[in-house]
Amino acid sequence: MEMEAIQATILDITHQDGPYILSAPGFAQQGAVAGSVEISNRIKEQILSKGKEVICDAIFKSLCPGHPANLHSIVKTIYQLVKDSNGNRKLLSIKQYDANFMAALQPCIFYKEFKADYAHIYLLHSSPKCQLMVKEIFPGCQNPTPLDSRAQRKKLQQLKLASTTAVVAFK
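This section reports on the structure supplied with the text. Since this is a predicted model, take the numbers as computed values, not measurements. (Residues numbered from 1 in each chain as written. Predicted model: local features only at pLDDT ≥ 70, side-chain atom pairs only at ≥ 80, totals over all residues. Heavy atoms only, no water.)

## A short note on the overall build of the chain
Phase 1: Secondary structure assignment for the chain yields 7 helices and 4 strands.
Phase 2: Classification of the 171 residues of the chain by burial places 26% in the buried group.
Phase 3: Counted over contacts in the chain with a minimum sequence separation of 6, partners at least 24 positions apart contribute 52%. (Helix = DSSP H or I, 4+ residues; strand = E, 2+ residues; numbered from the N terminus. Buried < 20%, exposed > 50% of the residue type's maximum accessible area, 1.4 Å probe, protein only. Contact = heavy atoms within 4.5 Å.)

## Describing the packing of aromatic side chains
Any two aromatic rings considered together are summarised by their centre-to-centre distance and by the angle between their planes.
Phase 1: Counting across every chain of the model gives 3 aromatic pairs.
Phase 2: Geometrically, the ring pair formed by Phe101 and Tyr122 is edge-to-face, given 5.1 Å between the ring centres and 90° between the ring planes. Of this pair, Phe101 sits in helix H4 (residues 94-105) while Tyr122 sits in helix H5 (residues 118-124), and the two are 21 residues apart along the sequence. Just as Phe101 is buried, Tyr122 falls in that class too.
Phase 3: Taken together, the aromatic side chains of Tyr97, Phe101 and Tyr122 make up a single cluster linked through ring pairs. (Phe/Tyr/Trp six-rings, centres within 6.5 Å; stacked < 30°, edge-to-face > 60°.)

## Quick word on H4
Phase 1: Along its 12 residues, H4 runs 16 Å from first to last C-alpha, staying within 8% of the 16 Å computed at 1.5 Å per residue.
Phase 2: Those residues of H4 that sit buried are Ile94, Tyr97, Asp98, Phe101, Ala104 and Leu105. Take H4 and look down its axis: the buried residues cluster within an arc of 135°, on one side only. Opposite the packed face of H4, turned more than 90 degrees from it, sit the exposed residues Lys95 and Ala103. (Expected span 1.5 Å × (residues − 1). Arc of directions from axis to C-beta.)

## Describing empty space enclosed by the protein
Phase 1: Taken as a whole and assessed by the stated rule, the structure comprises 2 cavities of 30 Å³ or more.
Phase 2: In this structure, the second largest cavity occupies an estimated 30 Å³ of space.
Phase 3: If you go around the second largest cavity, the residues you meet are Tyr122, Leu123, Ser126, Cys130, Val134, Leu159 and Ser163.
Phase 4: Here the residues of the lining of the second largest cavity sort into 5 nonpolar, 2 polar and no charged. (1 Å grid on protein atoms, 1.4 Å probe; cavity = no way out; pocket = protein on both sides within 12 Å on 5 of 7 lines; lining within 4 Å. Points joined across faces, edges and corners; volume = space filled by probe spheres on them. Nonpolar A, V, L, I, M, F, W, Y, C, P; charged D, E, K, R; others polar.)

## Observations concerning the environment of Leu124
Phase 1: The topology assignment puts Leu124 in helix H5.
Phase 2: Residue classification places Leu124 among the partly exposed positions, given a relative accessible area of 47%.
Phase 3: Remark: the alpha-carbon pair of Leu124 and Lys76, spanning 48 residues in sequence, is separated by 10.0 Å.

## Description of the side chain of Ser126
Phase 1: Tracing the chain through its elements places Ser126 in the loop between H5 and helix H6 (128-137).
Phase 2: Once residues within four sequence positions are removed from consideration, Ser126 is found in contact with Gln80, Tyr97 and Gln131.

## Digging into the nonpolar core
Phase 1: Core analysis: the biggest nonpolar cluster contains 25 residues, and Tyr97, Phe101, Leu105, Tyr118, Tyr122, Val134 and Leu159 have the highest contact counts within it.
Phase 2: Elements that contribute at least two residues to this core include exactly helix H3 (71-75), H4, H5, H6 and helix H7 (149-170). (Core = buried A, V, L, I, M, F, W, Y, C linked by side-chain atoms within 4.5 Å.)

## Regarding the environment of Pro144
Phase 1: Relative to the helices and strands, Pro144 is located in the loop between H6 and H7.
Phase 2: Separated by 25 residues in sequence, Pro144 and Ala119 place their C-alpha atoms 8.6 Å apart.

## So, the pattern of salt bridges
Phase 1: Tallied over the full model, the rule gives 1 salt bridge.
Phase 2: Of the charged contacts, one joins Asp98 and Lys160 as a salt bridge, the two residues approaching to 3.3 Å between their closest N and O atoms. Of this pair, Asp98 sits in helix H4 while Lys160 sits in helix H7, and the two are 62 residues apart along the sequence.
Phase 3: Since its relative accessible area comes to 8%, Asp98 is described here as buried. (Salt bridge = Lys/Arg side-chain N within 4 Å of Asp/Glu carboxyl O.)

Written as structure tokens, this is what we have:
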């Protein structure tokens, strides 16, 4: 049978993309057998590829209620000056702030282009005193940074270095 005949007589009727991969016939059997493992794996792949985004959103919403599932907007919730469980204002160390910020930014780093100027957000979300000192050490810190990930990572490293230097100089 030619491929056109197979397509018309079998595949179009059964709504298949192509023929199933057939396993070799079992001992003392006459015909080929469709491999259930192969078919099962194919179905699982289709389900996961179609439902991955919905599944990830559902998991995120259950783990982080009240936060948007947009990875980029999570970074915008990280500040150096925070409130503790009693409502008192607490200043995180620059190391802790940087660790929190970079952990929130980690899922976004794999994109070639960022959706926001995270280096600018990093500076704005640091404490006012830290901002003033960083501006003295690193005068170009307020200039807009291109959104490509390489430029952003470089600027973030410069800001972290300037912030750390500012903290050491302040002590």
